[in-house]
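One-letter residues, chain by chain:
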Amino acid sequence: MNALDRYIIKEVLKGTLISLLMLYALFNLFSLKDELNYRGVGDYDLKHILMYLGLMIPHYLYELMPSAALLGSLFILGGMANHRELLAMRVSGVSVFGIIRSVMIAGMILVVFSFLIGELIAPDAEKKAKILRSFAKTHLPVARTVQGLWLRDGNQFIYVRDIYTEGDIANINIYELDDERHLQKLTYAKRGRYLEKQQWLLKEVKTSAISAQGIKSEPVNESVWSSVIDPEVVDVVVVEPENMSLSDLSNYIDFLKENKQDSAKYELAFWARLINPFIILVMLLVSAPFVVGVGRGISLGPRMMLGILIGMSFNIIDNAAGQMGIVYGLNPLFVAVLPSCIILLGAFYAISRLR
């Protein structure tokens with residue numbers, strides 16, 4: 001690696017870092033505004049809000065990294081073009097592909113950094129953030145695993161395996177203890193829906209009363225369950241599949257398959273999560289033709305607008321492909337790589353035109 005390569009790599013990394021901080025600052029303002037709306041709910045005050053936003057930093061950095069790489073490379077390479085640095089490199093014998101190669105090396109550094117944050121730091125930090133916010137608001141002890149959600153309401157310990165929309169849950173187990181911590185009642189419900197005023201309607205319920213004389217079971221079609229737990233408590237600690245780590249997703253996919261449940265949504269999230277860091281390389285490759293070949297003389301405003309349009313187009317294609325894949329039962333791996341391949345083919349075509 002020569003001095004020119006190191007210079008380009010350093011500048012691309014610097015531009016990405018600046019863009020990442022700017023995007024995070026902007027994004028964090030909106031998040032702060034949203035969280036301030038809940039200030040005063042329970043003990044949720046400014047201190048808890050700042051702690052919550054601090055724990056969410058790794059998640060935001062991971063999500064914003066591809067966009068930051070795109071904007072940073074457009075800004076840095078565009079600045080080089082405007083200052084005739086790219087022209088000087090070309091005159092000195094450096095090819096277009098030599099410049100792009102240096103940019104890709106910087107991209108690989110960002111890929112490794114993004115992967116480490118996304119897998120080792122962000123998922124656990126997000127879980128802690130959501131549990132902290134939930135406990136501050138409700139004072140209800142909450143524990144989340146990839147298999148479901150554990151909550152406590154007095155002498156009742158509740159396990160909810162499946163959470164759908166707000167107020168709609170399934171596969172609920174309620175363990176009720178006596179004052180001596182002995183299990184005295186076990187209730188299982190296949191479905192549950194929140195009614196109002198801390199009332200839940202449970203369907204397909206089986207209640208087992210445990211005593212010294214034995215176990216007495218009683219199945220009923222419906223029953224009303226009173227609990228201080230409400231949909232907000234259940235929903236606030238749920239981590240979306242897209243934000244789970246690869247290991248958590250893999251374990252949960254195996255769990256769903258073993259229980260003969262639909263795992264398509266989580267398989268798509270797994271492959272998307274695996275591919276997401278490499279989207280940084282795609283974004284860097286997309287930016288190259290716009291500055292190496294035609295970028296000279298373009299001011300900062302149009303360059304940033306171009307980056308925003310490219311990023312928005314990619315997100316629209318990615319979201320549309322994901323929804324269509326789930327609806328039509330397409331292969332999750334194919335759906336996950338399709339948007340990147342479309343953008344990548346466009347980048348390769350534009351680069352080939354630079355010859």
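The structure presented is a predicted model; accordingly, all values stated were derived computationally and were not measured.

Conventions we followed
- Residues numbered from 1 in each chain as written.
- Predicted model: local features only at pLDDT ≥ 70, side-chain atom pairs only at ≥ 80, totals over all residues.
- Heavy atoms only, no water.
- Helix = DSSP H or I, 4+ residues; strand = E, 2+ residues; numbered from the N terminus.
- Buried < 20%, exposed > 50% of the residue type's maximum accessible area, 1.4 Å probe, protein only.
- Contact = heavy atoms within 4.5 Å.
- Core = buried A, V, L, I, M, F, W, Y, C linked by side-chain atoms within 4.5 Å.
- Salt bridge = Lys/Arg side-chain N within 4 Å of Asp/Glu carboxyl O.
- UniProt positions renumbered as here; feature names shortened; annotations may be inferred.

### Considerations on the environment of arginine 273
Mapped onto the fold, arginine 273 is located in helix α8 (residues 264-275). The class of arginine 273 is buried, set by a relative accessible area of 4%. Dropping the residues within four chain positions of it, arginine 273 is found in contact with Tyr62, Gly118, Glu119, Pro123, Glu242, Asn243, Met244, Ser245, Leu246 and Leu249.

### So, the nonpolar core
Among the nonpolar cores identified, the biggest contains 53 residues, and Ile100, Val103, Met104, Ile280, Met283 and Leu284 are the most heavily contacted of them. With twelve residues, helix α3 (residues 57-82) is the largest single contributor of residues to this core. Setting aside residues no more than four positions away along its own chain, isoleucine 100 makes contact with Leu285, Ala288 and Ile351. In terms of nonpolar packing, the next biggest core, distinct from the first, is built from 14 residues, Leu151, Ile174, Trp200 and Trp225 among them.

### Quick notes on the pattern of salt bridges
Evaluation of the coordinates by the stated rule reveals six salt bridges. Across the salt bridge formed by arginine 101 and aspartate 5, the nearest N and O atoms sit 3.3 Å from each other. Of this pair, arginine 101 sits in helix α5 (residues 96-138) while aspartate 5 sits in helix α1 (residues 3-36), and the two are 96 residues apart along the sequence.

### Here we look at the UniProt feature "transmembrane region" (unreviewed entry) in the chain
Within this numbering scheme, the UniProt entry marks residues 12-30, 60-81, 93-117, 274-294, 306-327 and 333-351 as carrying the feature "transmembrane region" (unreviewed entry). Counted over residues 12-30, helix gives 100% and strand 0%. Its end C-alpha atoms are 27 Å apart. With 100% helix and 0% strand, residues 333-351 has end C-alpha atoms that lie 27 Å from one another.

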